[in-house]
Amino acid sequence: MWGKRTARTPQASDPAAPTVSLPLSLLGKLDRLQFILPRPTALREGTVRARSAPAAHGFEVHGYREYSWGEDLRHLDWNAYARTGELFVRVFRAERESATYILLDTSSSMAAPETANSNLGFGRQLVAALAYVCLRRHEPVSVALLGGEAARCQRSPLWRHRQQSLEAARFLAVARPSGRADVAAAVASFLDVALHPGIAVLVSDFFYPVEQAARALALLRARGFAVVAVHLLRASDVDPTLPGGVVTLRDAETGEERTLHWNARTRSMYRQAIERHAQALRACCHDQGLYYVRVDPDAGLEAALLGALPQAGIVG
Amino acid sequence: MGLAEPLALSFGALAGILLYLHWQARRKRAYVVPALFLWPSEPPPPRRHRWDWLLLLQLLALAALVVALAQPFVEQAVPRAQMRHVLIVDRTASMQARVGAGTRFQAAVAEAQRYLAEEVGAGDAVGLIALGEEPELLVPPTADVARVSQALGELVPYDSAGSLAQALALARSLQSQARGGFRVAVFSDFADAALPEAALADAKVFPVGEGDRNLAITAVEVHQRPWQPARDTRASVRVRNYGSEPSHGLLLAEVRGQVVLRTGFTLAPGEEQSFLTELLPGPGELVASLVADDLLAVDNVAWAWVAETRPLRVCFVSPQTERWSDLETLAAATGALRWLPRTCARNSSDTDVFVFHRTPPPEDLHAPALVLAPPPDGSRTRGRLRDVALAGWNSDHPVFAGWSPAFPMPFAQAQELVLPPDAVPLLWGRAGERTVLLGWATERQPRQVWLGVDAVSESLLAPDAFSLAVTLLQSLAWLDPREQPVRSWSAGKPFPVAGLGGAEVTLPDGARDRLPQAGMAYVPHWRGRYEFHQGAGSTILLVSAYDAREAAIAPQRVPASLRAGSESDGATAKQRVDWARAFLLAGLVALALEAWLARARAQERPV
């Protein structure tokens, strides 16, 4: 088992621990989903039907080839030799383990503005659903919470069994918004330990400079992960409703305040800025060969799991 | 402009709460956003301070409501309609207390004159009431201010007490006839212990005088029993300190110019002391005087009368003489009775009083008579009774004044009497279930006392017959035709003058007056010697100022709200215009405007 189990990780046996709940109607639909994007595989054998190089041993026969001198005689197909008089050896394709790592940004901006369904709340549900998709098929999955001042990255164990879905949900339930978003540093902290290659899904509002996001995504890509950037962006974040006139804005993470005159002009300036930011993020991902998905939490969890993610070729 | 309830302004502190809430609301207008780097960094253009109209309206509404609670008013000088003024000038004894170089009374009159000159406008009617023992309407309301002024100038203070409440009631009775405004102005030292504040509520008061330093002679008493010689008489003088500080004084008493008492004293506040003298040289006026540095001199002199006496000559007429020895013993005990020989009935010139026992008095009797157990005749008596219990006596009659009889009960025998029309009952008895008359007296000259009790048959010298013996002696004293021509009296106390109709009165200052023919009482207003002359006889009244209400000269605290202002003049009147409603309306309008503006802002479409 890799990773370090922290004291805050809830135990599955604790029935009173808080948990992230998913609608039952959605669970039935999630049963039919799986990650479909190409993923790198590990050397370790596993249950993931990931393509690997043909090998001399395995469970699935890939084909035959002529025997070369010096090969292990145990791999000879004696039945073929009896039928044809030629020496052939069987070639197998092994099933290799490929883990899925889901990283959730828990910086303070994820909880701003303070509404019933914040980005963080939606993100917790989305991550729990993706973890369920993996565990439903016994694919190893791990969740990491990025953010906070004390621990920049809080990793979960690598879960492999369907029964561990509840444990994943409880792990996510303790995620609290805290600290400033330094996602590159948090990702670097996440990568401090040896990880199996696989899929890395970064769920964040990306309310930080694109350069910082690009640096974090590049770190993941450099470790051989198939990287998916899930950008949580609400319509209300794109077009906020503020009373006209002089308003004071306070940064959720830094507490910095800025006073501006909110009118049609400044509103247009803000909309253009946030659209440019989203476009830049998308372009950054495409340039690096990463997956980028823009999800509107206001549209709901089902729309994201059954709409945006399948359309981007992430799950299907 | 003034405020009727200035304490209500303390509600203005609520403005602090408003400002705090406003400050809190402004603080909460910072909107939390996920990140600031995407927002325009263009600061708002500098502009001058923007008024928060909501706050201004709230403060305005609060200020208006608070001021409305304080009941603001404005006194405007407005031309007024004809007004009726009633001036009440205190002329009681305490007004003679010194204040400055004059007296309180002089100050009050001067203040009233000033009022006439400055407060009374053209066409106004003015009345003048003098506050004495009875309020006196000296000048009915009239437009002739000069007449009122003249009456004020002629007004002199009394040495007696008075009732401000009665004077105010008299003044109010003049209000109903007033067509325009009405005002009562009171010029007094307000030394009455019970100040009628309710009655003074609408009056303008002009208090005068200050200080409470006063020593007063509260009584001069001559302890002289009937027919007791003057040389054996004692006299006492009581002096009281009405001030709030200890006072020293010298007390002098003289009889016929001879000093009988001279003593110095020191009295604590509220202390009263009696000084006794037994050195009276003989009959005559006893004059007690105080030498003290106090403010009121009226009560520093008092008079009393030491009567001249000689034995009373009594003629006893009775068919029975078995109790004669008791009567002689009684006369010897008094030392002032002389029983005449039995033949006195035939020569009445030497007799002062007759005593008829079981004998009817003659119809043409010209001397006072005491009739004991008259024989039944059907017209004056109703019959003989046995075992009659005493039921009551007339304590208001001089025979029973100052003492309470304790008769033997029941009387062995008595005669039920019929009350004549001009007589007053003296004694009542109870025979069985019936109340019977046992005695009466008549003032009709010559005086007579009838007692149905057979006093002579009773044992007068027995210990339990003391009351009966005293009744006989008291009756004889009352019947004494040699009534003393000099009486001691108190100023302001009505003196009965039933028999002095038309008499000429010489007042202490030498002025002369004449009693009305049908007058029942005469009220001496000043201290001193009054002489009533009627025909050849004369009655002298020695009047002293003994009223404790006037001796206590400390002015009462008059509420400031009752004190008169001096800002008005005669041609205009101060009319109080109430602005509370206007401020209340302004506050409500401001509140409504604020509510409308707040609603409009709430509905303002955000950008």
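Residues numbered from 1 in each chain as written. Chains lettered and ligands numbered in written order. Predicted model: local features only at pLDDT ≥ 70, side-chain atom pairs only at ≥ 80, totals over all residues.

1. A look at the overall build of chain B
Okay, so step 1: From N to C terminus, chain B includes nine helices and 34 strands.
Okay, so step 2: In chain B, the share of contacts with a sequence separation of at least 24, taken over all contacts with a separation of at least 6, comes to 70%. (Helix = DSSP H or I, 4+ residues; strand = E, 2+ residues; numbered from the N terminus. Contact = placed C-beta atoms within 7 Å.)

2. Things to note about the overall build of chain A
Okay, so step 1: Scanning chain A for helices and strands turns up nine helices and twelve strands.
Okay, so step 2: Taking all 316 residues of chain A together, 39% fall into the buried category. (Buried ≥ 20, exposed ≤ 12 C-beta atoms within 10 Å, placed from the backbone.)

3. A look at the interface of chain B and chain A
Okay, so step 1: On the side of chain A, 36 residues touch chain B, which itself brings 19 residues to the contact.
Okay, so step 2: The pairing of strand β10 (residues 245-251) of chain A with strand β2 (residues 30-33) of chain B spans four bridges and is classified as parallel. The residue of β2 of chain B that forms the bridge with Arg-250 of chain A is Val-32 of chain B. (Pairing = 2+ DSSP bridges.)

4. Regarding the environment of Val-89 of chain A
All names here are of chain A.
Okay, so step 1: Inspection of the secondary structure assignment puts Val-89 in strand β4 (residues 88-93).
Okay, so step 2: Take Val-89: there are 18 C-beta atoms within 10 Å of it, and that puts it in the partly exposed class.
Okay, so step 3: A sequence separation of 16 residues divides Val-89 from Leu-73, and the C-alpha atoms of the two residues are 8.4 Å apart.
Okay, so step 4: When neighbours within four sequence positions are excluded, Val-89 is seen to be in contact with Arg-65, Tyr-67, Glu-71, His-75, Leu-76 and Asp-77.

5. Comments concerning the sheet that holds strand β11 (residues 257-262) of chain A
Okay, so step 1: Here we have three strands laid out as an open sheet, ordered β11(A)-β10(A)-β2(B), and mixed in their pairing. Sheet topology places β11 of chain A together with β2 of chain B at the edges, where each strand pairs with a single neighbour. When the angles between neighbouring strand axes are averaged without regard to direction, this sheet yields 35°. (Axes fitted to C-alpha atoms, helices over the stretch in contact; angles between N-to-C directions.)

6. Remarks on the confidence of the model for chain B
Residue and element names in this part refer to chain B.
Okay, so step 1: On average, residues of chain B score 83 in pLDDT, and 90% of them are at 70 or above.
Okay, so step 2: For residues 565-571, every residue scores under 50 in pLDDT, and the model assigns this stretch eleven contacts once sequence neighbours within four places are set aside.
Okay, so step 3: Under the prediction, the complex receives an ipTM of 0.79, its pTM being 0.48. (pLDDT = per-residue confidence, 0-100.)

7. Focus on the packing of helix α3 (residues 119-136) of chain A against helix α9 (residues 301-311) of chain A
Residue and element names in this part refer to chain A.
Okay, so step 1: In contact at an axis separation of 10 Å, α3 and α9 are set at 45° when each is read in the N-to-C sense. In terms of orientation, α3 and α9 fall into the oblique class. Our pair here, α3 against α9, has a crossing hand that is right-handed. On α9, the residues touching Phe-122, Gln-125, Leu-126 and Ala-129 of α3 are Leu-301, Ala-304 and Leu-305.
Okay, so step 2: For the contact of α3 with α9, a count of residues per class yields six nonpolar, one polar and no charged. (Parallel < 35°, antiparallel > 145°, perpendicular 65-115°, else oblique. Left-handed = near helix turned anticlockwise from the far one by under 90°. Nonpolar A, V, L, I, M, F, W, Y, C, P; charged D, E, K, R; others polar.)

8. Digging into the sheet that holds strand β27 (residues 486-490) of chain B
Residues and elements named next belong to chain B.
Okay, so step 1: Strand order across the open sheet formed by five strands is β27-β33-β32-β29-β30, with mixed pairing between neighbours. Only two strands of the sheet have a single partner each, and these edge strands are β27 and β30 (512-514). Between one strand and the next, the sheet's axes are offset by a mean angle of 25°, whatever the strand orientation.
Okay, so step 2: The sheet contact formed by strand β29 (residues 504-506) and β30 spans three bridges and is antiparallel. Considered in β30, the bridge of Thr-506 is made with Arg-512.

9. Description of the pairing of strand β32 (residues 528-534) of chain B
Within a regular strand, the side chains alternate between the two sheet faces.
Residues and elements named next belong to chain B.
Okay, so step 1: In this sheet, β32 lies alongside β29 in antiparallel orientation, the contact comprising three bridges. Bridged to Glu-504 within β32 is His-533.
Okay, so step 2: For β32 and strand β33 (residues 537-544), the ladder comprises seven bridges, and the chain directions are antiparallel. In the strand pairing of β33, Gly-528 is matched with Val-543.

10. Notes on the pairing of strand β5 (residues 99-105) of chain A
All names here are of chain A.
Okay, so step 1: By the criterion of burial, β5 is predominantly enclosed, with seven of the seven residues buried.
Okay, so step 2: Residue alternation in β5 divides its side chains into two sets, Ala-99, Tyr-101, Leu-103 and Asp-105 and Thr-100, Ile-102 and Leu-104, and both sets are buried.
Okay, so step 3: Inspection of the sheet shows β5 paired to strand β8 (residues 198-204) by six bridges, in the parallel sense. If you follow Thr-100 over to β8, its bridge partner there is Ile-199.
Okay, so step 4: Taken together, the six bridges between β5 and strand β6 (residues 141-146) define a ladder with parallel strand orientation. Across the sheet, the residue bridging to Asp-105 is Leu-146, located in β6.

11. Comments concerning unusual backbone geometry
Okay, so step 1: In this structure, Phe-206 of chain A is a non-glycine residue whose phi angle is positive, near 50°.
Okay, so step 2: Here Phe-206 of chain A shows up in the loop between β8 and α6 (210-222).
Okay, so step 3: One non-glycine residue with positive phi stands out, namely Phe-190 of chain B, at about 50°.
Okay, so step 4: Structurally, Phe-190 of chain B is set in the loop between β9 (181-188) and β10 (204-207).

12. Points about helix α4 (residues 165-173) of chain A
All names here are of chain A.
Okay, so step 1: Among the nine residues that make up α4, seven are buried, leaving the element largely enclosed by the rest of the structure.
Okay, so step 2: Taken residue by residue, α4 has Ser-165, Glu-167, Ala-168, Ala-169, Arg-170, Phe-171 and Leu-172 as its buried positions.
Okay, so step 3: Against α3 and β6 lie the buried residues of α4.

13. Remarks on the confidence of the model for chain A
Okay, so step 1: The predicted model of chain A has a mean per-residue pLDDT of 82, with 85% of residues at 70 or higher.
Okay, so step 2: This stretch, residues 1-13 of chain A, has a pLDDT under 50; its non-local contacts, to residues over four places away or in other chains, come to 24 contacts.

14. Quick notes on the packing of α6 of chain A against helix α8 (residues 264-287) of chain A
Residues and elements named next belong to chain A.
Okay, so step 1: Contact geometry of α6 with α8 gives a least axis separation of 10 Å together with a crossing angle of 25°. Relative to α8, α6 is oriented roughly parallel. As α6 runs across α8, the sense of the crossing is right-handed. Contacts between α6 and α8 involve Val-210, Ala-213, Ala-214 and Leu-217 on the former and, on the latter, His-277, Ala-280, Leu-281, Cys-284 and Cys-285.

15. Side note on the environment of Leu-372 of chain B
All names here are of chain B.
Okay, so step 1: Note that Leu-372 resides in strand β21 (residues 369-372).
Okay, so step 2: Among the residues examined, Leu-372 registers 25 C-beta atoms within 10 Å and is labelled buried.
Okay, so step 3: Taking the C-alpha atoms as reference, Leu-372 lies 4.7 Å from His-357; in sequence the two are 15 residues apart.

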